[in-house]
Amino acid sequence: MKLTYILFAGVLTSTAVIAADETVENPVTEHGVVKIEWQDPKSFRDVKAVGDIQSRYEKRSFETLTKNLNKEASKTLKSEQKLEMLVTDLDLAGDVRPTFGATMNDIRLVEELYPPRITFSYKILEGDKVIMAGDEKLTDMGFMQRVGRASDKPMRYESKMLTDWLKKTVEPKL
């Protein structure tokens, strides 16, 4: 009887060690002139899925932000320039709240109290040469006044915050 428990404990321990040895790579999204590495998304403040599988929601969110930032970056950067970012924290606008059985899924409550935030480092490359670099910690406290409430564009608050940063910080220095 004790031997069974010892063997079972050994199997659990070896499985945990194998799982711990697996290295999870940081996801990277690239679209046009923008390349973003998302460093350790599990530690991000709030990228919680609502009504979707977490990994699929993260992938879709990261791709959407990259694509939306590329629209403005391709207008701002010269044809031989590229924007590379390393995102270390992300907090989407709003807060995820349980519905306590009223619906199958939790909901994301978007109010002024929960602004979007992002922390990242960036560099602008011209070929292999870094022409601009820095670290940013953005928070958009007035996000509800800048983007129309009727807009249903995914990641609209976060995308607006990033394009505003690009116009105010990067564009004047290029």
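Residues numbered from 1 in each chain as written. Predicted model: local features only at pLDDT ≥ 70, side-chain atom pairs only at ≥ 80, totals over all residues. Heavy atoms only, no water.

- The protein carries the name DUF3016 domain-containing protein in an unreviewed UniProt entry, which gives Shewanella canadensis as its organism.

Remarks on the pairing of strand β6 (residues 117-126)
Then comes step 1: In the sheet, strand β3 (residues 81-91) pairs with β6 via ten bridges, with the strands oriented antiparallel. Across the sheet, the residue bridging to Gln81 is Glu126, located in β6.
Then comes step 2: Sheet analysis places β6 next to strand β7 (residues 129-139), joined by ten bridges and oriented antiparallel. Note that in β7 the partner of Arg117 across the bridge is Thr139.
Then comes step 3: Taking the residues between adjacent antiparallel strands as the criterion, β6 and β7 are bridged by two residues, where Gly127 takes a positive phi near 70°. (Pairing = 2+ DSSP bridges. Helix = DSSP H or I, 4+ residues; strand = E, 2+ residues; numbered from the N terminus.)

So, the nonpolar core
Then comes step 1: Counting residues in hydrophobic clusters, the biggest one holds 30 residues, and the most contacted among them are Leu83, Met85, Leu90, Phe120 and Tyr122.
Then comes step 2: Looking at this core, the elements with two or more residues in it are β2 (34-38), α2 (54-76), β3, β6, β7 and α4 (156-170).
Then comes step 3: Once residues lying within four places of it in the same chain are set aside, the contact partners of Tyr122 are Leu83, Glu84, Met85, Met132, Ala133, Gly134, Asp135, Glu136, Trp165, Thr169 and Val170. (Core = buried A, V, L, I, M, F, W, Y, C linked by side-chain atoms within 4.5 Å. Buried < 20%, exposed > 50% of the residue type's maximum accessible area, 1.4 Å probe, protein only. Contact = heavy atoms within 4.5 Å.)

Here we look at the environment of Gly94
Then comes step 1: Looking at where Gly94 falls in the secondary structure, it is placed in the loop between β3 and β4 (95-97).
Then comes step 2: A relative accessible area of 4% places Gly94 in the buried class.
Then comes step 3: With 19 residues separating them along the chain, Gly94 and Leu113 place their C-alpha atoms 7.7 Å apart.

With respect to the side chain of Thr64
Then comes step 1: Mapped onto the secondary structure, Thr64 falls in helix α2.
Then comes step 2: At 2.8 Å, the side chain of Thr64 and the backbone oxygen of Arg60 are in polar contact.
Then comes step 3: Beyond its immediate sequence surroundings of up to four residues, Thr64 is in contact with Pro154 and Met155. (Polar contact = N/O pair within 3.5 Å; in protein donor to acceptor, adjacent residues only side chain to side chain.)

Notes on the sheet that holds β7
Then comes step 1: Read from one edge to the other, the open sheet built from five strands follows the order β1-β2-β3-β6-β7, with strand pairing classed as mixed. The open sheet has two edge strands with one neighbour each: β1 (28-31) and β7. On average, adjacent strands in this sheet sit at an angle of 15° to one another, irrespective of strand direction.
Then comes step 2: Strands β1, β2 and β3 of the sheet are contacted by α2, whose axis makes an angle of about 150° with β2.
Then comes step 3: Packed onto the sheet, α4 meets β3, β6 and β7 and runs at close to 50° relative to β6. (Axes fitted to C-alpha atoms, helices over the stretch in contact; angles between N-to-C directions.)

Looking at the environment of Met141
Then comes step 1: Relative to the assigned elements, Met141 resides in the loop between β7 and α3 (143-146).
Then comes step 2: Through-space distance from the C-alpha of Met141 to that of Tyr114 is 8.4 Å; in sequence the pair is 27 residues apart.

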